[in-house]
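Structural features, examined
Next come the chains, spelled out residue by residue.
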Amino acid sequence: MKYRKLGRTGLRVSEISLGGLFFGKLAKGRDTAATIAAAADAGINLIDTAAGYTDSELDLGRAFRKTRLRKKFIVATKWWPYDSTGKKILQDPAALRRSVEGSLKRLRTDRLDVFQFHSVTGPGDTEAILTGPLRGEVNRLKRAGKIRFTGISNSGEWDKNDDRLQEAARSGWFDTVMPEFLLFRQRPVKTLFPVCRRRRVGVITIIPLGQAAWGYGLRDRTYLVDSMKALIKKKKLPDQPRYRRADVLDFLLDGKTTTIAGAALRFCLSFPAVSTVCCGTNDPAHIRENAAVSDLRPYGRQALAKARALFGRIA
C-alpha cells in the first residue's frame, strides 16, 4: 500500500480507503470487526462513515472495541446540516455539537479525525456554513480536541460541477473535500482538482465503482455493459456500437490489472490531486482486491486520454 498527503493536514492516508456505508444494518450478516482487521492488514488507514449511515458508526465502534484497532485508523464521519425542509442549512450550533458528541459515543473514540458536512448541494449552502454560527462551533470543538480537521461532501447529481466543493476549497477553512469521481463521472479532473491542488486541500474520492442505486457500476464486464445501456437510454452516452461492447475498457487491462474493477480504481489513482479512493464494502476479499491496486503505477497519458475521450463528456 502506498500513501499520499491529505492536503495540508499533515496526515498521510492510504491510497485506498474504506467506506462504512455497508456497516450496521447493511452489513447483511458480515462481521465488521473482520472487515476492519482485513483493512488494517492491507495497509488501509482511513475509514469514512456518517451519522446518516444506518447504525454504521455504532457497528464500527463495536468493531473498534472488539479488535482494539482504533489507533490504526484515521476516522472520518459526516453530519447532514439541513433543517426539516432539506433545503436550508440548519444554523444551530447545538445540533452540530449533539451530532459530534453522538458520533464520538457511537464510535467509542475521543476525537473525530475528519468531521465533514454531508451532501452540501444548493447554491449558497457552503457560504451559509462559512458565514453562520456553525463555523464557530466547529472551531470550538477543534480547540476542545474533539475534531481535528474539517471536510465537506456533495451530491454529484445536483451539484454537477462540484461548485460547493470548489467554494469550500477556495475558502481556506475546509481541509478536505469528498467528490464523486469515477470513469463515468470525470468532471472533477477539470473543475475541482486544479483548485484543490492550488489550495492544498485533501481529496477523498467516493463511489469509484459506481452504485447500484444509480443503475450503473464498474464491478465487472456485465455491470459495464448494463451501465452503458442505461447511460445510452438516458442519453448520457451516444448510441454507438463501441458503447455496447464488453471489451470497451480492455485497453486498461494488462498483466497487472486484469479486472474492470481494478482498472476503475487505478484510473482514479492516476490523478495526483486524489489523496485517497474510498471504497464502500464489508467484504474482506474485496478489500484485499481493492488494496492491491495501490501497488500498480498510474496509467500513462495515452490510456488516460482514451478513457477521457470515451467517458469524459458524461453529464
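The structure we're discussing is the one just above.
Conventions we followed
- Residues numbered from 1 in each chain as written.
- Predicted model: local features only at pLDDT ≥ 70, side-chain atom pairs only at ≥ 80, totals over all residues.
- Heavy atoms only, no water.
- Axes fitted to C-alpha atoms, helices over the stretch in contact; angles between N-to-C directions.
- Helix = DSSP H or I, 4+ residues; strand = E, 2+ residues; numbered from the N terminus.
- Parallel < 35°, antiparallel > 145°, perpendicular 65-115°, else oblique.
- Contact = heavy atoms within 4.5 Å.
- Pairing = 2+ DSSP bridges.
- Core = buried A, V, L, I, M, F, W, Y, C linked by side-chain atoms within 4.5 Å.
- Buried < 20%, exposed > 50% of the residue type's maximum accessible area, 1.4 Å probe, protein only.
- Right-handed = clockwise from strand over helix to strand, strands pointing away.
- Phe/Tyr/Trp six-rings, centres within 6.5 Å; stacked < 30°, edge-to-face > 60°.
- Salt bridge = Lys/Arg side-chain N within 4 Å of Asp/Glu carboxyl O.
- Left-handed = near helix turned anticlockwise from the far one by under 90°.
- Nonpolar A, V, L, I, M, F, W, Y, C, P; charged D, E, K, R; others polar.
- Polar contact = N/O pair within 3.5 Å; in protein donor to acceptor, adjacent residues only side chain to side chain.

Quick notes on the packing of helix α2 (residues 56-67) against helix α3 (residues 93-107)
Two elements in contact, α2 and α3, have axes whose closest approach is 7 Å; the angle formed by their N-to-C orientations is 40 degrees. Regarding the angle of α2 to α3, the classification is oblique. Touching Glu 57, Leu 58, Leu 60, Gly 61 and Phe 64 of α2 are Ser 103, Arg 106 and Leu 107, all from α3.

Comments concerning the sheet that holds strand β3 (residues 16-19)
If you trace the 8 strands once around the closed barrel, you get β3-β4-β5-β6-β7-β8-β9-β12, paired in parallel fashion. Between one strand axis and the next, the sheet turns by 30 degrees as a mean value, whatever way the strands run. Sheet analysis places β3 next to strand β4 (residues 46-48), joined by 2 bridges and oriented parallel. Bridged to Gly 19 within β4 is Asp 48.

Looking at the environment of Ile 287
In this fold, Ile 287 is placed in helix α11 (residues 284-292). Spatially, the C-alpha atom of Ile 287 lies 30 Å from that of Ala 169, the residues being 118 residues apart in sequence. When neighbours within four sequence positions are excluded, Ile 287 is seen to be in contact with Leu 18, Thr 35, Ala 38, Ala 39, Ala 42, Ile 44 and Thr 281.

Overview of the nonpolar core
If you look at the biggest cluster of nonpolar residues, it comprises 87 residues, and the most contacted ones within it are Ile 36, Phe 117, Leu 218 and Phe 311. Counting residues per element, this core draws most heavily on helix α10 (residues 260-269), which supplies 8 residues. Counting 13 residues, the second largest nonpolar core, distinct from the first, contains Leu 11, Val 13, Leu 46 and Ile 206.

A short note on the pairing of strand β5 (residues 74-79)
Most of β5 is tucked away: 6 of the 6 residues are buried. In this view, the connection linking β4 to its parallel neighbour β5 by way of α2 has right-handed handedness. Across 4 bridges, β5 lies against strand β6 (residues 112-117) in parallel orientation. Pairing of Trp 79 across the sheet is with Phe 117, part of β6. For the handedness criterion, the β-α-β arrangement of β5, α3 and β6 is classed as right-handed.

Quick word on the packing of aromatic side chains
Under the definition given, this model contains 13 aromatic pairs. Taking the centre distance of 5.5 Å and the plane angle of 85 degrees together, the rings of Phe 181 and Phe 271 count as edge-to-face. Within this pair, whereas Phe 181 is found in the loop between β8 (176-178) and α7 (188-191), its partner Phe 271 is found in the loop between α10 and β12 (276-280), the two being separated by 90 residues in sequence. The buried category is assigned to Phe 181, whose relative accessible area is 0%. For Phe 271, a relative accessible area of 11% corresponds to the buried category. Look at Phe 184 and Phe 311: their rings are 5.2 Å apart centre to centre, the planes differ by 75 degrees, and that puts the pair in the edge-to-face class. Here Phe 184, found in the loop between β8 and α7, pairs with Phe 311, found in helix α12 (residues 301-311); they are 127 residues apart in sequence, far enough to count as distant. A single burial state applies to Phe 184 and to Phe 311, both of which are buried. One aromatic cluster is present, built from ring pairs that chain together Trp 79, Phe 115, Phe 117, Trp 173 and Phe 174.

Some remarks on the pattern of salt bridges
Per the stated rule, a full pass over the model turns up 21 salt bridges. Glu 57 is the partner of Arg 106 in a salt bridge, and the nearest nitrogen-oxygen pair spans 2.7 Å. Taken together, the residues span a long stretch of sequence, with Arg 106 in helix α3 and Glu 57 in helix α2 at a distance of 49 residues. For Arg 106, a relative accessible area of 29% translates into the label partly exposed. A salt bridge links Arg 111 to Asp 113; the shortest N-O distance between them is 2.8 Å.

Overview of the packing of helix α1 (residues 32-41) against α2
Relative to each other, α1 and α2 sit at 70 degrees, their axes nearing to 8 Å. Compared by their axis directions, α1 and α2 come out roughly perpendicular. Considering the relative orientation of α1 and α2, their crossing is right-handed. Contacts between α1 and α2 involve Thr 32, Ala 33 and Ile 36 on the former and, on the latter, Asp 59, Leu 60, Ala 63, Phe 64, Lys 66 and Thr 67. Considering only residue class, the contact of α1 with α2 consists of 5 nonpolar, 2 polar and 2 charged.

Here we look at the side chain of Asn 282
Relative to the helices and strands, Asn 282 is located in the loop between β12 and α11. Only 3.0 Å separates the side chain of Asn 282 from the backbone oxygen of Phe 22, close enough to count as a polar contact. A distance of 2.2 Å separates the side chain of Asn 282 from the side chain of Thr 35, its partner in a polar contact. With residues near it in sequence (within four places) discarded, Asn 282 still touches Phe 22, Phe 23, Ala 27, Arg 30, Asp 31, Thr 32 and Thr 35.

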